[in-house]
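# Chain and residue survey
Here's the letter readout for the chains.
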2 protein chains.
Amino acid sequence: MKWIPIPLVLACALCLGQSPDDSQPATSNVMGSPYPRVHSDLRATFHLAAPDAQKVQVDVGGHKYDMAKDASGAWTGTSAPLVPGFHYYSLIVDGVAIDDPGSETFFGAGREFSGIEVPEKGVDFYDARDVPHGEVRERWYHSAITGRWRRCFVYTPPGYDANPSKRYPVLYLQHGAGEDERGWGLQGRVNFILDNLIAEGKAVPMLIVMDRGYATRAGEPDAPAWPPVRQQASGAPRPDAAQAFADRVRVFGDVVIADLIPMIDSTYRTLSDRDHRAMAGLSMGGMQTFDIALHHLDKFAYIGGFSGARVPFGNDAFDPRASYGGVMADAAAFNRKVKLLWLGVGTAEPERMYTSIHGLHESLEKAGIKHVYWESPGTAHEWQTWRRDLYHFAPLLFQN
Amino acid sequence: MKWIPIPLVLACALCLGQSPDDSQPATSNVMGSPYPRVHSDLRATFHLAAPDAQKVQVDVGGHKYDMAKDASGAWTGTSAPLVPGFHYYSLIVDGVAIDDPGSETFFGAGREFSGIEVPEKGVDFYDARDVPHGEVRERWYHSAITGRWRRCFVYTPPGYDANPSKRYPVLYLQHGAGEDERGWGLQGRVNFILDNLIAEGKAVPMLIVMDRGYATRAGEPDAPAWPPVRQQASGAPRPDAAQAFADRVRVFGDVVIADLIPMIDSTYRTLSDRDHRAMAGLSMGGMQTFDIALHHLDKFAYIGGFSGARVPFGNDAFDPRASYGGVMADAAAFNRKVKLLWLGVGTAEPERMYTSIHGLHESLEKAGIKHVYWESPGTAHEWQTWRRDLYHFAPLLFQN
């Protein structure tokens, strides 16, 4: 190894416009963007050229960090160490939350957001590995319920095209409130997770259908994904807004049963009996999953809630003898019928969310309802929790 | 029809928070966002809540319009009538160009941009119509040239899965500088254009492969998509930057020949002879198409440049006897071999672009090189030009 004079090393770092630290551009950046950067201790440094701005901050998951301006008019700021995984973030320029031009965008909270991917040491279950890859297919279909064309995405496993007589089980997998049908592909990396599980023989090859969890009936206007409760022009909450939101996500249930499942079963080579159909979802998507699947056990044998709201739209106490049309009233019958009921939650979730899901787990235990309760260590109401949910949930599907 | 008192009509408009004009939310908005809005005369009104900002403008295709603040701190501004089609735009808040939270984002000029879709009266060739729909499939593959995983998108026509013994011709279709492999799907609406052409019997069912037009050799760092010529920290242009950019897009040619085509032919049911392979691209993608296809006529029989740069990376005069390795020196032989050479340009393109492509057309005429020269009326260097190019180009492919 040659001896390199130290001044030359420094000059090299400077000519690349980078400080001589150990940080790397985030993998969620647009190609070639040097910022944001993730340090080895998982702090992240953000950067924005804004010579005329008065104040710039970065907001990562609700924590705001001040950024400082240099002589060139560029603002730089560094966060505290971040939890590994994917985080939405905004730069705040003179009070306006904006996307970072250095980042790709990800649909969340009803708008396109910047996002930063923080690596987890030794973890690559959601990375592109050297294994056979499936596809994520954009599929447009007409919905009779909504009277509109809808877009969904369908993951097809490696070998789907090469085995034109083979039929596959199907997992319907839903995003959360404020997100849409792109979330599981872009933020969740569903294709890499399944590619890797299938390559290791841990999960059976399956289709995964990711639809848009909102719908309004034919003739009704489209509505925002976020916030769930809209305000009137006066700023006062609309008294009917929570109900309107509830109706809107409930119409989606009709779409799933009347439009989506028939379209998928007639378009793809599926195994179309209930033993080969699962549904899962995160947050609002978990709530929708419980609502749809538990009311249609003739159609679903596997059910998953990833940080899923316990009961739809309210604080109704869960009653195993009455909730969801009393489907759990006979525990033994329910346990024979439902092959998997999964409840996942992150240990760092907001107290109310954690308590609600943990409480549901305890109620199910008491009622003798067989289920899997799983905690994601150290993660909150965020995609790293849900990637891990999927990684542990998918291997339990369609195994017999 | 019932008589409705006028005050009630006004009250209705007001209770929806909309001015009583004829404008509609742009179809490119995030779901439910009331702004931006397009008026019947194709003016567009933009809106941003920014109570603490000093100055807000909207920049649509290089034209800046001032926005005005109301008492609530929201800024509103209206453009002049816009040309129909898709336009990138930014809001400018205290000097920083930002994305509009009301808009979807589209990758262009090396970052995620807001975009506004302005309808063209009586034109629906790029809309979702009630016809059979193909798919756009996300496909990951490993490139030996770059040593990296790459993502491309593959349009498969309606019926691809249902006819597992049928084989299809392939069009390789490239985006422009600063855009990426998503452009033809999101901005270009390639799937709807082809679905509609195929349904009308105007185009034959084909695969369309949309790859990322940038590549660096294994071991070399990734580089920004934009700007093509990077500056040094001092602000002075890097003398080697144009060459570096040229190298980077040229490496893509090696990827196409060595990695992409073999992967596509082994993964999809293609017709893999040259008579069933086309390449086209817009702007930089047109330049790449000429460079790749004209140097590999053993692989391509159909060639299209949509506002395509005439010669790669410079002002070298086009010489039909010498350019592209002299492939056109024998015009009769070239005309027998190449089934279609297409040059498209918008009549409202920047002078230099128009003159360059029109001049190439005249040179080809003089040299007796058979080609189609096509002008898009009233459109500039923009997606509406390229959607129209594709609409007229695709029916000429693979017809015998």
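Values in this document were obtained by computation on a predicted structure and should not be read as measured data. (Residues numbered from 1 in each chain as written. Chains lettered and ligands numbered in written order. Predicted model: local features only at pLDDT ≥ 70, side-chain atom pairs only at ≥ 80, totals over all residues. Heavy atoms only, no water.)

## Some remarks on the sheet that holds strand 7 (residues 74-78) of chain A
Hydrogen bonds between backbone atoms are what pair the strands of a sheet, whose relative direction is either parallel or antiparallel. Residue and element names in this part refer to chain A. If you walk across this open sheet you meet the 5 strands as 1-2-3-7-6, and the pairing is antiparallel. The open sheet has two free edges, formed respectively by strand 1 (24-25) and strand 6 (68-69), since each of these has just one partner strand. Judged from the 5 bridges that link them, strand 3 (residues 44-49) and strand 7 form a sheet pairing that is antiparallel. Its bridge partner being in strand 7, F46 is matched across the sheet by G77. (Pairing = 2+ DSSP bridges. Helix = DSSP H or I, 4+ residues; strand = E, 2+ residues; numbered from the N terminus.)

## Looking at the sheet that holds strand 6 (residues 68-69) of chain B
Pairing is antiparallel in the open sheet, where 5 strands are placed in the order 1-2-3-7-6 (chain B). Every other strand in the sheet has two partners, leaving strand 1 (24-25) and strand 6 of chain B as the edge strands with one partner each.

## With respect to the pattern of salt bridges
Enumeration according to the criterion identifies 56 salt bridges over all chains in this entry. When the shortest N-O distance is used, the salt bridge between B:R137 and A:E135 registers 3.1 Å. Highlighted residues: B:R137 in strand 12 (residues 135-143) and A:E135 in strand 12 (residues 135-143), drawn from two different chains. For B:R137, a relative accessible area of 0% gives the class buried. For A:E135, a relative accessible area of 3% puts it in the buried group. Taking the shortest distance from any N to any O, the salt bridge between A:D180 and A:R212 comes out at 3.8 Å. Taken together, the residues A:D180 in the loop between strand 14 (170-174) and helix 2 (183-186) and A:R212 in the loop between strand 15 (207-210) and helix 4 (241-267) connect sequence positions 32 residues apart. Residue A:D180 is classed as buried on the basis of its relative accessible area of 2%. Because the salt bridges share partners, they merge into one network encompassing A:E135, A:R137, A:R139, A:D161, B:E135, B:R137, B:R139 and B:D161. (Salt bridge = Lys/Arg side-chain N within 4 Å of Asp/Glu carboxyl O. Buried < 20%, exposed > 50% of the residue type's maximum accessible area, 1.4 Å probe, protein only.)

## Description of the packing of aromatic side chains
Scanning all chains against the criterion turns up 32 aromatic pairs over all chains. Measuring from centroid to centroid gives 4.8 Å for B:F46 and B:Y89, while their planes differ by 55°, and the two rings are tilted. One end of the pair, B:F46, is in strand 3 (residues 44-49); the other, B:Y89, is in strand 8 (residues 85-93), and 43 residues separate them in sequence. We classify B:F46 as buried; its relative accessible area is 0%. Judged by relative accessible area, which is 1%, B:Y89 ranks as buried. The ring of A:Y160 has A:R269 lying over it, and the distance from NZ or CZ to the ring centre is 4.0 Å. One cation-aromatic arrangement involves A:R387 over A:Y126; the distance from NZ or CZ to the ring centre is 4.3 Å. (Phe/Tyr/Trp six-rings, centres within 6.5 Å; stacked < 30°, edge-to-face > 60°. Lys NZ or Arg CZ within 6 Å of the ring centre and 35° of its normal.)

## As for the interface of chain A and chain B
Counting residues at the interface gives 50 residues for chain A and 50 residues for chain B. The interface formed by chain A and chain B contains 8 salt bridges. Between B:R182 and A:E104 there is a salt bridge whose closest N-O contact spans 2.8 Å. At the boundary of chain A with chain B, the tally comes to 15 residue pairs in polar contact (both at pLDDT 80 or more). Breaking the side of chain A that touches chain B down by element, the ones donating at least two residues are strand 3, strand 9 (96-98), strand 10 (105-108), strand 11 (111-118), strand 12 and helix 3 (190-199) of chain A. (Contact = heavy atoms within 4.5 Å. Polar contact = N/O pair within 3.5 Å; in protein donor to acceptor, adjacent residues only side chain to side chain.)

## Here's the deal with the packing of helix 3 of chain A against helix 9 (residues 383-393) of chain A
All names here are of chain A. At their nearest, the axes of helix 3 and helix 9 sit 10 Å apart, and the two run at 30° to each other. Between helix 3 and helix 9, the angle is such that the two are roughly parallel. Classified by chirality, the crossing of helix 9 by helix 3 is right-handed. Of the residues in helix 9, those touching helix 3 at V190, I193, L194 and L197 are R387, L390 and Y391. Its residues assigned to classes, the contact of helix 3 with helix 9 shows 6 nonpolar, no polar and 1 charged. (Axes fitted to C-alpha atoms, helices over the stretch in contact; angles between N-to-C directions. Parallel < 35°, antiparallel > 145°, perpendicular 65-115°, else oblique. Left-handed = near helix turned anticlockwise from the far one by under 90°. Nonpolar A, V, L, I, M, F, W, Y, C, P; charged D, E, K, R; others polar.)

## What about the confidence of the model for chain A?
Residues and elements named next belong to chain A. When pLDDT is averaged along chain A, the result is 90; 89% of the residues meet or exceed 70. Across residues 1-18, confidence stays below pLDDT 50; counting only partners more than four residues off in sequence or on other chains, it has 5 contacts. Scoring the predicted complex yields pTM 0.93 and, for the interface, ipTM 0.92. (pLDDT = per-residue confidence, 0-100.)

## Details of the relation of the copies chain A and chain B
It takes a turn of 180° to lay chain A on chain B, together with a shift of 0.0 Å along the axis; the resulting RMSD is 0.0 Å. One copy is carried onto the other by what is essentially a two-fold rotation axis. In terms of C-alpha distance to the rotation axis, chain A has A:R137 as its closest residue, with the C-alpha 2.1 Å off the axis. Most of the interface of chain A is mirrored in chain B, where 100% of its interface residues are also at the interface. (Least-squares fit on C-alpha atoms with pLDDT ≥ 70 in both.)

## Re the nonpolar core
In this structure, A:F46, B:F46 and B:I116 are the most contacted members of the largest nonpolar core, which totals 44 residues. In terms of nonpolar packing, the next biggest core, distinct from the first, is built from 43 residues, A:I292, A:L297, A:L343 and A:I357 among them. (Core = buried A, V, L, I, M, F, W, Y, C linked by side-chain atoms within 4.5 Å.)

## Description of the environment of B:G159
Residue and element names in this part refer to chain B. Counting through the fold element by element, G159 comes out in the loop between strand 13 (148-156) and strand 14 (170-174). Judged by its relative accessible area of 30%, G159 falls in the partly exposed class. Separated by 46 residues in sequence, G159 and P205 place their C-alpha atoms 8.8 Å apart.

## Remarks on the pairing of strand 19 (residues 372-376) of chain B
All names here are of chain B. Here strand 18 (residues 340-346) pairs with strand 19 via 5 bridges, running parallel. Bridging from a neighbouring strand, V345 pairs with E375 of strand 19. In this fold, the crossover linking strand 18 to strand 19 by way of helix 8 (residues 351-367) has right-handed handedness. (Right-handed = clockwise from strand over helix to strand, strands pointing away.)

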